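Topology and contacts: notes
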Amino acid sequence: MTDNRIATDETNRLIASNKVEGTAVYNRDNEKLGSIYNFMVDKRSGKAEYAVLQFGGLFGLGSDYYPLPWDVLTYEANQGGYVVDLDKSLLEKAPRYSSDKEPAFDDDYGREVYGYYGVNYP
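Within each chain, residues carry numbers counting from 1 in the order of the written sequence. With pLDDT at 70 or above as the cut-off, local features in this predicted model cover only qualifying residues; side-chain atom pairs require 80 or more to be listed or tallied, and sums for whole chains, interfaces and linings still use all residues. Side-chain numbers here rest on the full set of heavy atoms in the structure, without hydrogens or water.

Our focus in this paragraph is the overall build of the protein. Note on conventions: DSSP H or I runs of at least 4 residues are helices, E runs of at least 2 residues are strands, and numbering of each starts at the N terminus. Looking only at helices and strands, the protein has 3 helices and 6 strands in total. Of the regular secondary structure in the protein, the N- to C-terminal order runs α-β-β-β-β-β-β-α-α. Burial analysis of the protein (122 residues in total) assigns 36% to the buried set. In this description, contact between two residues means that some pair of their heavy atoms is separated by no more than 4.5 Å. For the protein, restricting intrachain contacts to residue pairs at least 6 apart in sequence, the fraction spanning at least 24 positions comes to 42%. Using a 1.4 Å probe, accessible areas were evaluated by the Shrake-Rupley method; residue-level cover was limited to the displayed protein chains. For the protein, the accessible area works out to roughly 8,200 Å², and carbon and sulfur atoms hold 46% of it. Throughout this description, buried means an accessible area under 20% of the type-specific maximum (1.4 Å probe, protein chains only), exposed means over 50%, and partly exposed covers the range between.

Laid out in C-alpha cells, this is it:
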C-alpha cells in the first residue's frame, strides 16, 4: 500500500506554513510579544517577506497586526518560537493594521515597514 499523505510538519530546514501560524514570538528579554498570525509570500519568488505578528487584545479580540520583515525573525528551537530584537515600546510604535483595515502591502508600504526595522526592502 502506498502512503499518499502530504508532509505537513517539518524537517531540519523546512517547516509547513500551518505550523508557523500560531508560533510564539519573543524579544531578547524572553518576553512574549505575540504570535505569528500568518505570513506573506512573494508570488513569484516564493520568498516570505513578512511574518504578521498578532499583538495585543484579549483572546484575539482587539488585536492589531504587525508585519515584520521575515529577516528580523530568528527561530530559536530551545524557545520553541521566533525571537526578535524588539521591546514592546518599539513594537507599539511600529506600522500595524486592524482586522478591518488591511494595508495594500505595496512597495510604498513595504519600504515603510522595512525602514522602520532598519532593513533594506527587497
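Ring geometry is summarised as follows: Phe, Tyr and Trp rings, the Trp one being its six-membered ring, pair when their centres sit within 6.5 Å, and such pairs are stacked at plane angles under 30 degrees, edge-to-face over 60 and tilted between the two. The final tally for this structure, using the stated rule, is 12 aromatic pairs. When the ring of Phe39 is compared with that of Trp70, the centres are 5.5 Å apart and the planes differ by 55°; the resulting orientation is tilted. Placement of Phe39 in strand 2 (residues 32–41) and of Trp70 in the loop between strand 4 (64–69) and strand 5 (74–76) is noted, with a sequence separation of 31 residues between them. The exposure class assigned to Trp70 is partly exposed, which follows from its relative accessible area of 23%. Ring centres 5.2 Å apart and planes at 70° place the aromatic pair Tyr75 and Tyr82 in the edge-to-face group. The class for Tyr75 is partly exposed, based on a relative accessible area of 41%. The class for Tyr82 is buried, based on a relative accessible area of 7%.

A word on the sheet that holds strand 1 (residues 24–27). By this definition, two strands are paired if DSSP reports at least two bridges between them. Strand order across the open sheet formed by 6 strands is 4-3-2-1-6-5, with mixed pairing between neighbours. Of all strands in the sheet, those with a lone pairing partner are strand 4 and strand 5, marking the two edges. Mean inter-strand twist for the sheet, computed between neighbouring axes without regard to direction, equals 40°. For helices, the axis comes from a line fit to the C-alpha atoms of the stretch in contact; other axes are also lines fit to C-alpha atoms, and the angle between any two N-to-C directions lies between 0 and 180 degrees. Relative to the sheet, helix 3 (residues 107–116) contacts strand 3 (48–55) and strand 4, its axis offset from that of strand 3 by approximately 65°.

Time to look at the side chain of Ser35. The topology assignment puts Ser35 in strand 2. Non-local contacts of Ser35, meaning those with residues more than four positions away in its chain, are made with Gly22, Thr23, Ala24, Val25, Val52, Leu53 and Gln54.

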